Amino acid sequence: MASSRQIEHAAAAWLARRDGDAWDGPAQQALEAWLAESIAHQVAFLRLEAAWDNTGRLKALGAGIPAGVIPARGQWMRSPFGDGPAGGPAVSAQAGASADPPRELPALPDLRDLAFAPRHRVAVSHSGRRAAGVALIVLLAVVAGWGWQRQWPVEQASYLTAMGDLRSVPLSDGSRATLSSDSSMQVALSRGERHVELDRGEAFFEVAKDSGRPFVVSAGGRQVVAVGTRFSVRRDGADLRVVVTEGTVRLQSGDVAPGGPLPTTLLQAGSVALVSQQRLLVRSGTVEEAERQLDWRQGYLTFRDTRLEDAAAEFNRYGPRKIVMGDQAVAALRVGGNFRWSNAEAFVRLLEQGFPVRAESHPDRIVLHSR
């Protein structure tokens, strides 16, 4: 079905064609057929025809009046067609003017009983215009407020832990973060995104499912994106470690990535990703193996054929008294087992009992030597 605008355009085209020089019998029949198709066609044609006639009437009334001259009051009260509004006699045509013979009008359906609903002109007062302006301002404020609520943070907080402390942090979206020793993070939760900036250390995240708000952890120019899952992010300067124990997360480069962008990688449960500069190493294993990387949450460190130098570095994350390698031979020793990270001295005693290691104690450090 044609729209009212299309019908108006068609009626205008018929009206212009009828007043042209090429109007003939077939054209008249085509117009009558178009008018008979719909009452909407008839109404549109009559309305435009009336406007057309009024335009011609104004041109005739203004004939002979110089441009820019306003006619005197009452000059237009008489009609040149003999039907002026004042009922006076018709004004004769100018001498020498030729009159065209009347053109036969198309036979239109009888629409004398057709009634149109009156159009009421609504008077807008000054107070009404003011109210409309206020309503527009309120609407703009609502739209801007919706965008602000969706993007602007509705919750901002900073969390940190001291050396040797762990902290479990509930977030307002239902998620939970567990911070490891000597860790710091910034949280910004908005209606469009949940964002965490890990400044240092390590945090384990239990993310509440919300497909409309991705959970993004930024660290060292990289981003770990999740919707609802469990994973940890550890930051050592520019290096990053991501351990996934449930669901899937996306590892990608941030706006400013050290060493250039890395390919976006999907990490499934059981995956451990190690990132350093432009190098990315992903190990896929079982969830149980990934969980052992996170035994620090229960107060333990788990080693499996680990270099003694690396094991000492893990202990050093949790205590002020550091374990230092005295030579390369002792650093290359391999160790395994579960140890409490809060008792580095017991770990050193076990080394002295089971390995060719000699410990040299100082107030702030323990130096290990091979023997």
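Criteria and thresholds
- Residues numbered from 1 in each chain as written.
- Predicted model: local features only at pLDDT ≥ 70, side-chain atom pairs only at ≥ 80, totals over all residues.
- Heavy atoms only, no water.
- Salt bridge = Lys/Arg side-chain N within 4 Å of Asp/Glu carboxyl O.
- Helix = DSSP H or I, 4+ residues; strand = E, 2+ residues; numbered from the N terminus.
- Buried < 20%, exposed > 50% of the residue type's maximum accessible area, 1.4 Å probe, protein only.
- pLDDT = per-residue confidence, 0-100.
- Contact = heavy atoms within 4.5 Å.
- Core = buried A, V, L, I, M, F, W, Y, C linked by side-chain atoms within 4.5 Å.
- Pairing = 2+ DSSP bridges.
- Axes fitted to C-alpha atoms, helices over the stretch in contact; angles between N-to-C directions.
- Parallel < 35°, antiparallel > 145°, perpendicular 65-115°, else oblique.
- Left-handed = near helix turned anticlockwise from the far one by under 90°.
- Nonpolar A, V, L, I, M, F, W, Y, C, P; charged D, E, K, R; others polar.
- Phe/Tyr/Trp six-rings, centres within 6.5 Å; stacked < 30°, edge-to-face > 60°.
- Lys NZ or Arg CZ within 6 Å of the ring centre and 35° of its normal.
- Expected span 1.5 Å × (residues − 1).
- Arc of directions from axis to C-beta.

Looking now at the pattern of salt bridges. If you walk through the whole model with that rule in mind, you get 14 salt bridges. For Arg-317, the salt bridge identified is with Glu-202, shortest N-O distance 3.7 Å. Here the residue Arg-317 occupies a position in the loop between α6 (308-316) and β15 (322-325), and Glu-202 occupies one in strand β5 (residues 194-206), the gap between them amounting to 115 residues. Using a relative accessible area of 14% as the deciding quantity, one classes Arg-317 as buried. Ionic pairing is found between Asp-236 and Arg-234, a salt bridge with its closest N-O pair at 3.1 Å. By relative accessible area, Arg-234 is classed as buried at 8%. Shared partners join several salt bridges into a network, and the residues in it are Glu-202, Arg-234, Asp-236, Arg-241, Glu-314 and Arg-317.

For the rest of this paragraph, the subject is the confidence of the model for the protein chain. Overall, the predicted model of the protein chain reaches an average pLDDT of 80, with 71% of residues at or above 70. Across the protein chain, the secondary-structure element scoring lowest on mean pLDDT is helix α4 (residues 126-151), at 47, and the one scoring highest is strand β3 (residues 176-179), at 98. When the criterion is pLDDT under 50, residues 76-100 qualifies, and its contacts beyond four places in sequence or with other chains add up to 26 contacts. Counting interchain partners and residues more than four positions distant, the pLDDT-below-50 stretch residues 134-151 has 9 contacts.

Moving on to the nonpolar core. Of all hydrophobic cores here, the largest spans 29 residues; its most connected members are Met-185, Phe-205, Val-217, Phe-231, Val-233 and Val-242. Contacts of Val-242, omitting those with residues within four sequence positions, involve Val-224, Ser-232, Val-249, Leu-251, Leu-267, Ser-271, Val-272 and Ala-273. Counting 27 residues, the second largest nonpolar core, distinct from the first, contains Leu-308, Ala-312, Phe-339 and Trp-341.

With that settled, consider the pairing of strand β9 (residues 239-246). Of all 8 residues that make up β9, 6 are buried, and the element is covered over most of its length. Note that strand β8 (residues 230-236) and β9 share 7 bridges and pair antiparallel. Each bridged residue has a counterpart across the sheet, and for Arg-230 the counterpart in β9 is Glu-246. Between β8 and β9, which pair antiparallel one after the other, the connecting turn spans 2 residues, and Gly-237 there sits at a positive phi close to 65°. Sheet analysis places β9 next to strand β12 (residues 271-276), joined by 4 bridges and oriented antiparallel. Bridge assignment links Val-242 to a residue of β12, and that residue is Ala-273.

Turning to the packing of α6 against helix α8 (residues 344-354), a few remarks are in order. Direction vectors running N to C along α6 and α8 enclose 160°, while the axes themselves pass 11 Å from each other. Taken together, α6 and α8 sit at an angle that is classed as roughly antiparallel. Remark: the crossing between α6 and α8 carries left-handed chirality. Residues Leu-308, Ala-311 and Phe-315 of α6 form the contact with α8, whose participating residues are Ala-344, Phe-347 and Leu-351.

Right, let's talk about the packing of helix α1 (residues 4-18) against helix α2 (residues 25-37) for a bit. Where α1 contacts α2, the two axes come as close as 11 Å, and the packing angle between them is 155°. Judged by the inter-axis angle, α1 sits roughly antiparallel to α2. α1 and α2 meet at a crossing whose hand is left-handed. Packed against α1, whose contacting residues are Ile-7, Ala-10, Ala-11, Trp-14, Arg-17 and Arg-18, the element α2 presents Ala-27, Ala-30, Leu-31 and Trp-34 at the interface. Taken together, the residues of the contact of α1 with α2 break down into 8 nonpolar, no polar and 2 charged.

Right, let's talk about the packing of aromatic side chains for a bit. Applying the stated rule across the entire model yields 10 aromatic pairs. A ring pair is formed by Trp-14 and Trp-23, whose centres lie 6.5 Å apart and whose planes are at 85°; its orientation type is edge-to-face. There is no split in this pair, since Trp-14 and Trp-23 are both buried. Three or more aromatic residues joined by ring pairs make a cluster, and in this case those are Phe-303, Phe-315, Phe-339 and Phe-347. Against the face of Phe-204 rests Arg-297, its NZ or CZ located 4.2 Å from the ring centre.

Time to look at α1. Its 15 residues give α1 an end-to-end C-alpha distance of 21 Å, which sits within 8% of 21 Å, the value for a rise of 1.5 Å per residue. For α1, the set of buried residues is Ile-7, Ala-11, Trp-14, Leu-15 and Arg-18. One side of α1 holds all its buried residues, which, seen down the axis, span an arc of 100°. Of the exposed residues in α1, the ones pointing more than 90 degrees away from its buried face are Arg-5 and His-9.

An order of β15-β18-β17 is seen for the 3 strands of this open sheet, with the pairing classed as mixed. The strands lining the two open edges of the sheet, one partner per strand, are β15 and β17 (357-361). Strand-to-strand twist in this sheet, taken as the mean axis angle between neighbours without regard to direction, amounts to 30°. Bridging between β15 and strand β18 (residues 365-370) involves 4 bridges; their strand directions are parallel. In the sheet register, Ile-323 faces β18, and the bridge partner there is Ile-366. The sheet contacts of α6 involve β15 and β18, and relative to β15 the element is tilted by about 160°.

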